[in-house]
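# Reading the structure
Chain by chain, the residues:
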Amino acid sequence: DATRLEGFDAIVHLAGEPIGGRWTERKKSEIRASRVRGTRLLTDAISRLDAPPAVLVSSSATGFYGDRGDDVCDEEATAGADFLSDVCQEWEAAALAAQSPATRVVLARTGIVLSTADGALAKLALPLKLGLAGPVGSGRQWWSWISLHDQVRAIRHLIEAEGLEGPVNLVAPTPVRNADFMRAAGRVVGRPTFLRAPAFGLRLAFGEMADRLLLASTRAVPTKLGESGFVFEDPELEPALSRIFDA
């Protein structure tokens, strides 16, 4: 109902089917459709407004870059060539349909958002506290992360920074290897993190999702956020985890 969007200064679009779990063909279809078709529905509604928003912040993901090993990926890096990369490219294209002289579009390429309420860290919290966590696969893959606190602050910054448009990496300036992430988390909760999750076991349990999400390496950096004056309150992993677990 486009009339319910009339007169808003900004729209923040975060909706999408969760990507965790085994990727059956049906699950992959839901992941794609919820992002691409959902965004097209929204941008079509925006195009029919008499008073469109000054900015649309539409969620995307660092999955855009794919599995890149040790490559450092700022917003100028090219797209990957796997399922998540394809979804992100279609998702972003759907959002950019809202761009006009009246509406600025920002594509928030988000990394792993750290919170004990939901997401990856919430799933790791119990194994960590029981001493049953450790590196995933080789542990050498890069994880690009951001605290929920900074994620919310960054989205507000995207709304208010009038010069920002197009893709913006919403990640902390210090991506870490998975093994280092797990060691830092173990120190924070006071438990060992020696119990490695082998790649073959993850592939047996999760199929394609294991390779594209858990074992993939994406070393994204927040170049455009930094250049636009955003200051992280959680720039380093271990202090961020300490604050999150103590909250």
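This report concerns the structure included in the present document. Each chain carries its own residue numbering, running from 1 in the direction its sequence is written. In keeping with the model being predicted, local features are shown solely for residues with a pLDDT of at least 70 and side-chain atom pairs are shown and tallied solely at 80 or more, while totals for entire chains, interfaces and linings include all residues. Side-chain figures throughout are based on the complete set of non-hydrogen atoms in the structure, without hydrogens or water.

### Points about the side chain of T218
What counts here: A run of H or I in DSSP counts as a helix once it spans at least four residues, and a run of E counts as a strand once it spans at least two, with each numbered from the N terminus. Whenever two N or O atoms come within 3.5 Å, that pair is a polar contact, provided that in protein one can donate a hydrogen and the other can accept it, and provided that, for residues adjacent in sequence, both atoms are side-chain atoms. In this analysis, two residues are considered to be in contact whenever any of their non-hydrogen atoms come within 4.5 Å of each other.
Mapped onto the elements, T218 comes out in the loop between helix 7 (208-214) and strand 10 (219-220). In this structure the side chain of T218 is engaged in a polar contact, spanning 3.0 Å, whose partner is the backbone oxygen of G66. Leaving out residues up to four positions away in the same chain, T218 has contacts with T62, Y65, G66, W142, W143 and S144.

### Examining the sheet that holds strand 2 (residues 55-61)
To be explicit about the condition: At least two DSSP bridges between two strands are required for those strands to pair. Axis definition: a line fitted to C-alpha atoms, limited for helices to the stretch in contact. Angles are taken between N-to-C directions and run from 0 to 180 degrees.
What the four strands build is an open sheet, ordered 1-2-4-8; its pairing is parallel. Every other strand in the sheet has two partners, leaving strand 1 (10-13) and strand 8 (166-170) as the edge strands with one partner each. Between one strand axis and the next, the sheet turns through 25 degrees on average, direction left out of account. Relative to strand 8, strand 4 (residues 104-110) runs parallel, the two being bridged by five bridges. Across the sheet, A108 pairs through a bridge with V168, a residue of strand 8. Packed on one face of the sheet, helix 2 (residues 83-96) meets strand 2 and strand 4 and runs near 175 degrees to strand 2.

### Some remarks on the state of the cysteines
Put simply, the rule reads: The criterion for a disulfide is a pair of cysteine sulfur atoms lying within 2.5 Å.
A full pass over the atoms with the stated rule returns zero disulfides. Of the cysteine sulfurs around C73, a residue in no disulfide, the closest is that of C88, at 12 Å.

### Focus on the packing of aromatic side chains
Put simply, the rule is: Pairing of aromatic side chains here covers Phe, Tyr and the six-membered ring of Trp, requires ring centres within 6.5 Å, and sorts the geometry by plane angle: under 30 degrees stacked, over 60 edge-to-face, intermediate tilted. For each residue, the accessible area found with a 1.4 Å probe, counting protein chains only, is set against the maximum for its type, and the residue is called buried under 20%, exposed over 50%, and partly exposed in between.
Enumeration over the complete set of coordinates arrives at four aromatic pairs. The interplanar angle of 65 degrees and the centroid separation of 5.2 Å between the aromatic rings of W23 and F83 together place this pair among those described as edge-to-face. With W23 in the loop between strand 1 and helix 1 (25-47) and F83 in helix 2, this pair connects stretches of sequence that are 60 residues apart. In terms of burial, W23 and F83 fall into one category: buried.

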